[in-house]
Amino acid sequence: MATSPRQSVALIDLGVDADGSRPRWETAMRRLDGLTLLEWSIRRLAEATLVDSIVITGLPENHTALTRACLYHAKSVPSVLATPAQRGAEIADKMNADWILHIHPGCPFLDPALIDSLIARGLAQPDVDFVGFSAPSLPNFSLQRLGLVAEMSSVRGVSRILEEGLSQDPLDVPQLIRLYQDEFRCLWIPLPQQLRNDSLRFAMETEDDWERAGTFMELVGDDISWQRLAAVASDLR
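This write-up is about the structure you can find in this document. (Residues numbered from 1 in each chain as written. Predicted model: local features only at pLDDT ≥ 70, side-chain atom pairs only at ≥ 80, totals over all residues. Heavy atoms only, no water.)

## Digging into the overall build of the chain
In step 1: In terms of helices and strands, the chain carries 10 helices and 9 strands.
In step 2: Taking 2.2 N^0.38 as the reference for a compact globule, 237 residues should give roughly 18 Å; the C-alpha atoms of the chain span a radius of gyration of 17 Å, in line with that estimate.
In step 3: Its C-alpha atoms give the chain principal-axis dimensions of roughly 55 × 45 × 35 Å.
In step 4: When burial is assessed residue by residue, the chain has 53% of its 237 residues classed as buried.
In step 5: By sequence separation, contacts in the chain at least 24 residues apart represent 72% of the contacts at least 6 residues apart. (Helix = DSSP H or I, 4+ residues; strand = E, 2+ residues; numbered from the N terminus. Rg over C-alpha atoms; globule rule 2.2 N^0.38 Å. Buried < 20%, exposed > 50% of the residue type's maximum accessible area, 1.4 Å probe, protein only. Contact = heavy atoms within 4.5 Å.)

Structure representation (structure tokens):
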């Protein structure tokens, strides 16, 4: 039987948050400027030229609703597995993936150019387990709060999580690898200088974030690049 070509898969995981408080499904279905956050995420990922496939996973009971939603070219693959690492390994196997990009649904401003840069660096160094952005002068900088970039693990890196007995941990795969980074081969890409600022926040986590996002949408118009967003955010401070 012929196998599908290996590829980079952007994985939007709508399973339960790491603290078990509520499904990401609820976040993904909230609307911003007429679209759900899930639709925004898919649209932004579709603009990245090096993303081969977009997969949404989560609880099987949400699968029917997802198939009725406007998923463009994304594919819904439900999972009964309990943790992000287990689901990531499952999706990597089903999609015959080389790389998994880990996408949080609360990031409607994901930047396609930064995502392509991440994937290109990983493709150039296939022996690494993980590729992520960093702010060298800010060791505690939160990429999730920034909300513009993804992080990427190789299928080997996800497999190593299982081998090391870490797959039962409810943390996301990037959080796990960062926590145990001495066990993995990691490639760190410096963030553009304009984004190395703790005050920048484009992810959707609090009600204040929603109000701020509405302002961003109004001011940036059709130019939702990271450069324009950073400039607008700087003007608003």
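## A short note on empty space enclosed by the protein
In step 1: Following the criterion strictly, the structure yields 1 cavity of 30 Å³ or more and no others.
In step 2: Reported here for the largest cavity is a volume of approximately 50 Å³.
In step 3: L14, W25, I56, T57, G58, L59, N62, H63, L66, S76 and P78 together form the lining of the largest cavity.
In step 4: Elements supplying a minimum of two residues to the lining of the largest cavity: strand 4 (53–57) and helix 3 (63–68).
In step 5: Here the residues of the lining of the largest cavity are counted per class, giving 6 nonpolar, 5 polar and no charged. (1 Å grid on protein atoms, 1.4 Å probe; cavity = no way out; pocket = protein on both sides within 12 Å on 5 of 7 lines; lining within 4 Å. Points joined across faces, edges and corners; volume = space filled by probe spheres on them. Nonpolar A, V, L, I, M, F, W, Y, C, P; charged D, E, K, R; others polar.)

## Details of the packing of helix 9 (residues 207–220) against helix 10 (residues 226–236)
In step 1: The N-to-C vectors of helix 9 and helix 10 enclose an angle of 115 degrees; their axes lie 10 Å apart at closest approach. Between helix 9 and helix 10 lies a crossing of right-handed hand. Residues T215, F216, L219 and V220 of helix 9 form the contact with helix 10, whose participating residues are R228, L229, V232, A233 and L236.
In step 2: Here the contact of helix 9 with helix 10 is composed, by residue class, of 7 nonpolar, 1 polar and 1 charged. (Axes fitted to C-alpha atoms, helices over the stretch in contact; angles between N-to-C directions. Left-handed = near helix turned anticlockwise from the far one by under 90°.)

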